[in-house]
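Chain by chain, the residues run as shown.
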Amino acid sequence: KDGNYKWVRAKGKIISRDKNNKPIRFIGTHIDISDYKEAQDKLLEQQLFLTKAQSIGKIGTWELDIKKNILKWTAQNYDTFGIPAGTPLNYEMFINCVHPDDRIFVDTEWNAALTGKPYDIEHRIINNGEVIWVREKCDIEFDENNNAVSAIGFCQDITHRKISEEAIKESEAVYRNLVEVMPDGVYKSTEAGQFVEVNQALVNMLGYDSKEDLMSIDIKSELYFKIEDRESVVLKEKQ
């Protein structure tokens, strides 16, 4: 009457017909399901947001019925592992997707988690021949006898981060090798004057036995600078 729409569930049946078998009387019900439809729409909206967020962040969620060995994945998890969506899963199918060099590690960590150890690991998987790095973390539910019954967790594709970390390590290794072969003395220190890094050339130049011995002194002390030069050097550093 006021122009607003309502959702209803309608159900009915014919209760009489005329001599030509044409329906003439019906009986039925209309049930107001507007609140249900509103809640359903909100749930669908939240599911859409969750699916989109998982896709953008490459984070899939999973649930394992430990007693029945039934594993459930969200769509993103299927995509991360390269398995057709809807494929029935169990723990053995998951472990077979893990990189062969990481399987013992993952299986050991999982069995430790079943006894109460936190499960938060990084490992490799194989997705259609491609190596993918993932991070996995979960919460495990235990029964009154402290037996693991179910687990729910997430799996995130961290391949890009791992590649970046390896590139940084490689760059640092090249830098360190370059510094070590330089004939000039090289050091890195804090603002307070504590050595952080030194190369062997500087150790030899100053007559110390080891890097550790040199790094134990204060770079601004008389052990490093001639006492009459110290104030001049410190002043230039401040400028």
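Here the structure is shown first, and the text comes after it.
Residues numbered from 1 in each chain as written. Predicted model: local features only at pLDDT ≥ 70, side-chain atom pairs only at ≥ 80, totals over all residues. Heavy atoms only, no water.

Caption draft 1: Inspection of the overall build of the chain at higher detail. Per the secondary structure count, the chain includes eight helices and nine strands. In the chain, buried positions account for 26% of the 239 residues. Here the contacts in the chain between residues at least 6 apart in sequence split such that 33% fall between residues at least 24 apart. Surface accessibility of the chain: about 17,200 Å² in total, with carbon and sulfur atoms responsible for 53%. (Helix = DSSP H or I, 4+ residues; strand = E, 2+ residues; numbered from the N terminus. Buried < 20%, exposed > 50% of the residue type's maximum accessible area, 1.4 Å probe, protein only. Contact = heavy atoms within 4.5 Å. Areas by Shrake-Rupley, 256 points an atom, 1.4 Å probe, with all protein chains shown as cover.)

Caption draft 2: Spotlight on empty space enclosed by the protein. Inspection of the entire model under this criterion finds one cavity of 30 Å³ or more. Its volume calculated, the largest cavity comes out at about 110 Å³. Around the largest cavity, the lining residues are Trp 62, Leu 64, Leu 71, Trp 73, Asn 77, Phe 81, Tyr 91, Phe 94, Trp 110, Tyr 119 and Glu 136. Mapped onto the lining of the largest cavity, the elements with two or more residues apiece are β3 (59-65), β4 (70-73), α2 (75-81) and α3 (91-97). (1 Å grid on protein atoms, 1.4 Å probe; cavity = no way out; pocket = protein on both sides within 12 Å on 5 of 7 lines; lining within 4 Å. Points joined across faces, edges and corners; volume = space filled by probe spheres on them.)

Caption draft 3: Structural detail: the sheet that holds strand β5 (residues 119-127). Spatially, the five strands line up as an open sheet ordered β4-β3-β7-β6-β5, and their pairing is antiparallel. The sheet is open, and its two edges are formed by β4 and β5, each paired on a single side. Each neighbouring strand pair of the sheet contributes to a mean axis angle of 25°, computed without reference to strand direction. As paired strands, β3 and β4 are joined by four bridges and run antiparallel to one another. Bridge pairing in β4 places Trp 62 opposite Trp 73. Set on the sheet, helix α4 (residues 103-113) makes contact with β3, β5, β6 (130-142) and β7 (148-157); between it and β5 the angle comes to about 145°. Against the sheet, helix α5 (residues 159-181) makes contact with β5, β6 and β7, and its axis sits at roughly 120° relative to β6, the strand it touches most. (Pairing = 2+ DSSP bridges. Axes fitted to C-alpha atoms, helices over the stretch in contact; angles between N-to-C directions.)

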